[in-house]
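Listed here are the chains, written in short residue letters.
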Amino acid sequence: MSAIRSLLHLLFMAVTVIPWSLAVVLARPFASKTTIYWMCQRWLKLSVDSARWIIGIRYQVLGRENLPQGSSDPAVLLVKHQSTWETFAMPAIMPHPLAYVFKKELLRVPFFGWAIGSMDMIHIDRADGARAFAKMVQQGKRLLDQGTWVIMFPEGTRIERGQTGTYKSGGTRLAIKTGAPVIPVAVTSAKCWPRKALFKKPGQVEISIGPQIPSVGRQHDELMAEVQAWIETEMRRLDPDAYPPSAK
């Protein structure tokens with residue numbers, strides 16, 4: 001039954017993303033960047049909601065009080081990455097527009113890539129090295145100044161349930177350069193939507209939003225070590241069955 005539901009959900013997303021993306025592309029010359037963002041956010045929320053309706057993937061958000069409360073307060077969100085689910089869910093649950101930092105190759109994905117290319121986000125060429133980071137800082141500062149929160153997956157790619165990837169310092173370096181606080185986020189999505197899995201299963205995903213960590217006057221490596229420690233400790237608290245006793 002889970003396999004049938006997973007395929008139905010995949011079909012639902014495939015069918016709905018085409019008209020939605022075309023609407024975004026057609027609206028782009030006439031609509032503001034904010035309007036384009038919320039148009040795309042509604043499809044992402046629809047995808048998350050439909051996963052609940054069709055597959056039975058529920059979610060619980062903890063720590064909303066840790067988010068900045070001002071309309072223009074900046075934040076750099078550093079999020080645990082286990083599956084595609086959280087890339088859809090984070091814009092769906094956050095009260096502010098988000099700007100992902102992502103590789104430019106995604107822009108070539110038909111329909112979905114066209115839509116995200118219409119949004120005011122940060123797409124970089126990883127091969128550019130220092131120039132890519134300089135672009136991220138320049139665009140990140142502009143977005144943070146206008147009240148958009150920047151979101152990154154510090155492990156860089158989806159990580160198997162119960163595993164820890166290599167935490168890269170791009171997010172903390174951006175926070176230090178801009179003075180924005182860092183907000184660590186733990187997500188247990190792999191319990192229901194495993195990495196690279198075609199078939200999903202019902203259950204509950206926890207999204208835990210950690211306390212704001214000031215970035216001013218910090219070193220990027222020790223700031224990232226603090227972020228990693230909070231996320232990985234929280235992951236073990238939220239999903240203890242995924243970690244062997246020796247890792248607790």
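Residues numbered from 1 in each chain as written. Predicted model: local features only at pLDDT ≥ 70, side-chain atom pairs only at ≥ 80, totals over all residues. Heavy atoms only, no water.

Participant: Help me understand the side chain of Thr-16, please; the structure alone is not making it clear to me.
Facilitator: Inspection of the secondary structure puts Thr-16 in helix 1 (residues 2–27). A relative accessible area of 16% means that Thr-16 is categorised as buried. A polar side-chain atom of Thr-16 sits 3.0 Å from a polar atom in the side chain of Trp-43. Those residues in contact with Thr-16 that lie beyond four places of it in its chain are Trp-43 and Leu-46. (Helix = DSSP H or I, 4+ residues; strand = E, 2+ residues; numbered from the N terminus. Buried < 20%, exposed > 50% of the residue type's maximum accessible area, 1.4 Å probe, protein only. Polar contact = N/O pair within 3.5 Å; in protein donor to acceptor, adjacent residues only side chain to side chain. Contact = heavy atoms within 4.5 Å.)

Participant: What's the story with the packing of helix 6 (residues 170–178) against helix 7 (residues 220–238) in this structure? I'm lost.
Facilitator: For any two helices packed against each other, the geometry comes down to the angle between their axes and how far apart the axes lie. Their axes nearest at 9 Å, the elements helix 6 and helix 7 cross at an angle of 120°. The pairing of helix 6 with helix 7 is recorded here as oblique in orientation. In this structure, helix 6 meets helix 7 at a crossing whose hand is right-handed. Across from Thr-172, Arg-173 and Ile-176 in helix 6, the residues of helix 7 making contact are His-220, Leu-223, Met-224 and Val-227. Counted by class, the contact of helix 6 with helix 7 contains four nonpolar, two polar and one charged residues. (Axes fitted to C-alpha atoms, helices over the stretch in contact; angles between N-to-C directions. Parallel < 35°, antiparallel > 145°, perpendicular 65-115°, else oblique. Left-handed = near helix turned anticlockwise from the far one by under 90°. Nonpolar A, V, L, I, M, F, W, Y, C, P; charged D, E, K, R; others polar.)

Participant: Just to check I follow, could you spell out the sheet that holds strand 5 (residues 149–152) for this structure?
Facilitator: Pairing between the strands of a sheet is mediated by backbone hydrogen bonds and can be parallel or antiparallel. Spatial strand order, 1-7-6-2-5-3-4: seven strands in an open sheet with mixed pairing. Every other strand in the sheet has two partners, leaving strand 1 (57–62) and strand 4 (122–124) as the edge strands with one partner each. Strand-to-strand twist across the sheet, computed as the mean angle between neighbouring axes with direction ignored, equals 20°. Both strand 3 (residues 98–103) and strand 5 contribute to a ladder of three bridges, which runs parallel. Each bridged residue has a counterpart across the sheet, and for Tyr-100 the counterpart in strand 5 is Ile-151. Those strands touched by helix 6 are strand 2 (76–79), strand 5 and strand 6 (182–187), and its axis lies near 165° from that of strand 2. Here helix 7 sits on the sheet and contacts strand 1, strand 2, strand 6 and strand 7 (203–209); the angle it forms with strand 6, its principal contact strand, is near 25°. (Pairing = 2+ DSSP bridges.)

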